[in-house]
Amino acid sequence: MTQVGSTEYKALLNQMQGVFGQLSSSGAIKGSSYLNSVWGAAGNVEGLVSDNPNQKSSAIQGLINNVLSLVEKLGNQEASRARKEVKEGEKAAQELTEEQKKALSELNQSLEEIGSDIENKSGVVSAANGTLDASQQELEEKQEEINKIIEQIQEKQEALKSTTDPAMQKALLGEIQGLSGQIAGIVSEIEAIQANVQAAAESVEQAVVEIETAKGNAVEVQENGELKISELVQQGAEKVANTTQTQVTGVENGIVAKALEAQATTTSILPGIGTAASAKLSQAAVDQEMASSVRTTGALGNLRTLMQGIGGLNENINLLNTFKNSIGGALETFNGCVGDYNTKIEPVITSIGSFLGDGGVAASTAELDAAVQADLQNIDSKLSSEEPDTEESSDETEATGEEPVQEDGNLSGLLTPDVEFNPFEIA
């Protein structure tokens, strides 16, 4: 049997078959049984192209009889039907191409949106990690500042231990109060750091929650993208089959046209009825020849358009693969940022606790402030109740060494020197 259509049509059809093969191997075609009709219809014109002359003649005569029967009923309208058929095929081919481009555009937009969303979430976690790094460094600097102040306070405490002079005691206690106030200012700064760390932690928690939505969207886009490609492949195959059938019909029209023209020539020489019959056959031949030209030319043009749409699906597949890899890479980056965050957050929280928790510098400062306040009140109370010679008596007592001496050498009788206020290290 002889293949139908022009050499270009057959070559393009072979290319199309190769494209379907690529799509099938990529997994875009979930089932390719429906493709068989495409290549079956395209391969042959049953009966018309048979190598058996008798069978071929019989088939052509059958077509001629059918054509003449239609001419009797409808007139010579085959060319008109051919134009309508080709026009419908053209519209279908263009729609497929537009659908392919639309699906490609939507997939690309989804890639950008989801990729940007995940990238933004990674940025949130990365920024939180930056906050943690900066906070840890600040806490270490605050530790140094506070320890320098604590050294000065300890010096004042030592000085207090060796004096019973109320004026000197009040002066030293005032200096300790000032130094304690500096520590309180630093503690306030640490509380601000704590608030920043808390905000960073909340932003990461929110990002981790939202990334699950992004993951779900990515899966949905992939599944929908694969489904759309599969649908377009199937639609494309059906449209190729329809276009090929148009091409086959066009070949039939051409064969019938030649046969009708030959019969018209033969009939024209018959006595009596030859001229009228010949004219009828000639008109039918012209209609068939025009239909043949419309169909074969139109089918070729429509197949070219379908080739663009179906061939373009490889772009969709490539972009879908890019989508999978790109989103996968973005999620891996996000997970890496979260891993860094989990490593950094605990040490920072522990460090803050060293300042603000029980036993931390904030608690020690509160204890010191209470002692200073109590000592100042006691000194003022003693000064207001003592006789004029109290100071002299006190001096004599101090001079004779009759004032009780504490085990730690605290001669002042004050609480402040005994407050344990040591330098500390971040845990």
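For the structure itself, consult the block above.
Calculation notes
- Residues numbered from 1 in each chain as written.
- Predicted model: local features only at pLDDT ≥ 70, side-chain atom pairs only at ≥ 80, totals over all residues.
- Heavy atoms only, no water.
- Helix = DSSP H or I, 4+ residues; strand = E, 2+ residues; numbered from the N terminus.
- Buried < 20%, exposed > 50% of the residue type's maximum accessible area, 1.4 Å probe, protein only.
- Contact = heavy atoms within 4.5 Å.
- Areas by Shrake-Rupley, 256 points an atom, 1.4 Å probe, with all protein chains shown as cover.
- Core = buried A, V, L, I, M, F, W, Y, C linked by side-chain atoms within 4.5 Å.
- Salt bridge = Lys/Arg side-chain N within 4 Å of Asp/Glu carboxyl O.
- 1 Å grid on protein atoms, 1.4 Å probe; cavity = no way out; pocket = protein on both sides within 12 Å on 5 of 7 lines; lining within 4 Å.
- Points joined across faces, edges and corners; volume = space filled by probe spheres on them.
- Nonpolar A, V, L, I, M, F, W, Y, C, P; charged D, E, K, R; others polar.
- Expected span 1.5 Å × (residues − 1).
- Arc of directions from axis to C-beta.

J.: Just give me the short version of the overall build of the protein, but keep the residues and values in it.
T.: Counting secondary structure elements, the protein contains 8 helices and 0 strands. Ordered by position from the N terminus, the helices and strands of the protein form the series α-α-α-α-α-α-α-α. Across the 427 residues that make up the protein, the buried fraction comes to 40%. Residue pairs in contact within the protein that sit at least 24 positions apart in sequence constitute 88% of those at least 6 positions apart. For the protein, the exposed area adds up to about 22,300 Å²; of that, 48% sits on carbon and sulfur atoms.

J.: For the nonpolar core, give the residues involved together with the corresponding values.
T.: In terms of nonpolar packing, the biggest core is built from 80 residues, with Ile118, Ile146, Ile183, Ile310 and Val361 touching the most fellow members. Listing elements by their share of this core, those giving two or more residues are helix H1 (7-25), helix H4 (78-161), helix H5 (166-267), helix H6 (274-356) and helix H7 (361-385). Per-element tally for this core: the top contributor is H5, with 23 residues. Sequence-distant contacts of isoleucine 310, that is, excluding residues within four places in its chain, are made with Met16, Val19, Phe20, Leu23, Leu96, Gly236 and Val240. In this structure, Leu260, Leu281, Ala284 and Ala285 belong to the second largest nonpolar core, which totals 6 residues.

J.: Now, about the pattern of salt bridges: what can you tell me, with residues and values included?
T.: Evaluated as defined, the whole model comprises 15 salt bridges. Notably, a salt bridge pairs glutamate 175 with lysine 156, separated by 2.8 Å at the nearest N-O pair. Of this pair, glutamate 175 sits in helix H5 while lysine 156 sits in helix H4, and the two are 19 residues apart along the sequence. Because the salt bridges share partners, they merge into one network encompassing Glu78, Arg81, Glu85 and Arg295.

J.: So what about the layout of surface pockets? Which residues, and what values?
T.: Considering only enclosed or pocket space, the second largest pocket measures out at about 220 Å³ in volume. Lining of the second largest pocket is provided by Ala103, Glu106, Leu107, Ser110, Val221, Asn224, Gly225, Lys228, Ile229 and Asn316. Going through the elements one at a time, H4 and H5 are the ones with two or more residues in the lining of the second largest pocket. A class-by-class count of the residues in the lining of the second largest pocket yields 4 nonpolar, 4 polar and 2 charged.

J.: Summarise H1; cite the residues concerned and give the values.
T.: Counted at 1.5 Å a residue, the expected span for H1 with its 19 residues is 27 Å, and the 27 Å between its end C-alpha atoms agrees. Listed as buried for H1 are Tyr9, Leu12, Leu13, Met16, Val19, Phe20 and Leu23. Projected onto a plane normal to the axis of H1, the buried residues spread over an arc of 115° and lie on a single side. Exposed residues on H1 whose side chains face more than 90 degrees from its buried face are Thr7, Asn14 and Ser25.

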